[in-house]
Protein chains: 2
Amino acid sequence: MKPVRNIAPEPTETPAELLQRYLTRQGLKSTRQRSIIVETFLAAEGHLDVDQLLARVRVQDPRVSAATVYRTMKLLTECGLAHAQNFGGGHTRYESTFRREHHDHLICTGCGTIVEFENDRIEALQDQVARHHGYTIHDHKLELYGLCRDCQARAARGARL
Amino acid sequence: MKPVRNIAPEPTETPAELLQRYLTRQGLKSTRQRSIIVETFLAAEGHLDVDQLLARVRVQDPRVSAATVYRTMKLLTECGLAHAQNFGGGHTRYESTFRREHHDHLICTGCGTIVEFENDRIEALQDQVARHHGYTIHDHKLELYGLCRDCQARAARGARL
DNA sequence: CCGGGGTATGAAACCAGTTCGCAATATCGC
DNA sequence: GCGATATTGCGAACTGGTTTCATACCCCGG
């Protein structure tokens, strides 16, 4: 096992190129399965779990195994192209982080819709809190759970029945 | 399965009394195992996982099974006496929520120490963000991961060797 | 363009945490 | 105390995920 390092994207590089660079640098190989998985993952642009990703990958090639998807997502996470998240329900979800700012999530517990947001003032306050306790933050997770407008309306309607 | 509802503490009630009220109301029974588990859990005042809790419970009664601890913690969570959390590593941790303010966590990824904090300004900003997107928040999770002072020092020392 | 060393893959075994099914047991209202 | 019903402990089953192992593939050197 070689030391894992994630690498910064070159100015004009595509995700696929970055991955290629990473693979080469680490002495890893570019395979058909990896290409399909990465393509599919990048095309999906969402918060997918392994099942969803595997289903889509198998449209291209039904023989790809779950293990390979797990392994590939781990790889993408290590090289900094994907970020693993875990919103409660046991399934790890991945989202692309290619040239993407950090952001947090607002999750509707009714319909599962996820809104991404970013708030510098919150981040600043977080740093302040951490500093106050002598901590150096290297990661954080902020998730807000609630009902979106539609689900609120639906709930109100339901209550009235 | 009856509808689950958590109940608010009466002004002068102890956790054990609240639980008793909950059990009676739901037609459930008070057993020796449940009492031991609840007592142990409340006495521990921390963020315990099931293994830790089971170990302590077995000091009182070695025959209590893991399944019962799981079932009891689920019960406590449902009636609002405990809160389940999941900081990364696959172990669900529980903390007492009896008459406890909401708080967030600052977790040292070096030694696992957990600091609790509360910050009204962050909460206010969260509400603001949610409102802005038309959401009504009913829960949130904020976790800051970093190194505590000691682990920072240790890391610096390690790097120098 | 071919061969070989080393990596990647798929299937199945494995793992840890958690839940479930069931027979035996304990609780609680009457 | 009785009896209906909830609970327990056990082990088996399930879950998401990782690892093993034999085989297939990639890619560099010749």
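Residues numbered from 1 in each chain as written. Chains lettered and ligands numbered in written order. Predicted model: local features only at pLDDT ≥ 70, side-chain atom pairs only at ≥ 80, totals over all residues. Heavy atoms only, no water.

## Focus: the environment of D61(A)
All names here are of chain A.
Then step 1. Mapped onto the secondary structure, D61 falls in the loop between α3 (50-60) and α4 (66-78).
Then step 2. Classification of D61 by relative accessible area gives buried; the value is 7%.
Then step 3. It is 22 Å that separates the C-alpha atoms of D61 and L23, two residues lying 38 residues apart in sequence.
Then step 4. In this view, D61 contacts R32 and I36; residues no more than four positions away in its chain are not counted.
Then step 5. From its side chain, D61 meets the backbone nitrogen of R63 in a polar contact 2.8 Å long. (Helix = DSSP H or I, 4+ residues; strand = E, 2+ residues; numbered from the N terminus. Buried < 20%, exposed > 50% of the residue type's maximum accessible area, 1.4 Å probe, protein only. Contact = heavy atoms within 4.5 Å. Polar contact = N/O pair within 3.5 Å; in protein donor to acceptor, adjacent residues only side chain to side chain.)

## Re the layout of surface pockets
Then step 1. Of the volumes computed, that of the largest pocket is approximately 990 Å³.
Then step 2. Contributing to the lining of the largest pocket are 46 residues, with K141(A), E143(A), Y145(A), K141(B) and E143(B) lying nearest its centre.
Then step 3. If you tally residues by element for the lining of the largest pocket, the top one is strand β6 (residues 136-147) of chain B, at eight residues.
Then step 4. A breakdown of the residues in the lining of the largest pocket according to their chemical character gives nine nonpolar, 23 polar and 14 charged. (1 Å grid on protein atoms, 1.4 Å probe; cavity = no way out; pocket = protein on both sides within 12 Å on 5 of 7 lines; lining within 4 Å. Points joined across faces, edges and corners; volume = space filled by probe spheres on them. Nonpolar A, V, L, I, M, F, W, Y, C, P; charged D, E, K, R; others polar.)

## A short note on the protein's contact with DNA strand C
Then step 1. Inspection of the region around DNA strand C gives 19 residues, with K29(A), T68(A), Y70(B), H91(B) and T92(B) positioned closest.
Then step 2. Take Y70(B): an N or O atom from its side chain is 2.6 Å from a phosphate oxygen of DNA strand C.
Then step 3. One of the side-chain nitrogen or oxygen atoms of T92(B) is found 2.6 Å away from a phosphate oxygen of DNA strand C.
Then step 4. Among the elements that make up the surface near DNA strand C, the one with the highest residue count is helix α4 (residues 66-78) of chain B (three residues).
Then step 5. Its residues placed into classes, the surface near DNA strand C shows four nonpolar, nine polar and six charged. (Near = heavy atom within 4 Å.)

## Digging into the side chain of Q126(B)
Then step 1. Along the chain, the position of Q126(B) falls in helix α5 (residues 120-132).
Then step 2. Ignoring sequence-local partners within four residues, the contact set of Q126(B) consists of I122(A), L142(A), L144(A), I137(B), H140(B) and L142(B).

## Here we look at the domain arrangement of chain A
Residue and element names in this part refer to chain A.
Then step 1. The domain boundaries assigned to chain A delineate domain 1 (15-96) and domain 2 (104-160).
Then step 2. Facing six residues of domain 1, the contacting portion of domain 2 comprises seven residues.
Then step 3. Between domain 1 and domain 2 the total buried area reaches about 480 Å² when both faces are included, carbon and sulfur atoms providing 55% of it.
Then step 4. The largest per-residue losses of area from domain 1 upon contact with domain 2 belong to H47, N86 and F87, which jointly make up 75% of the total buried on that side.
Then step 5. Our count for the domain 1 to domain 2 interface comes out at zero salt bridges.
Then step 6. Counting the contacts that link domain 1 with domain 2 gives four residue pairs in polar contact (both at pLDDT 80 or more).
Then step 7. Tallied by class, residues from the side of domain 1 that touches domain 2 come to one nonpolar, four polar and one charged. (Domains from an automatic or database assignment. Buried area = accessible area lost by both parts, 1.4 Å probe. Salt bridge = Lys/Arg side-chain N within 4 Å of Asp/Glu carboxyl O.)

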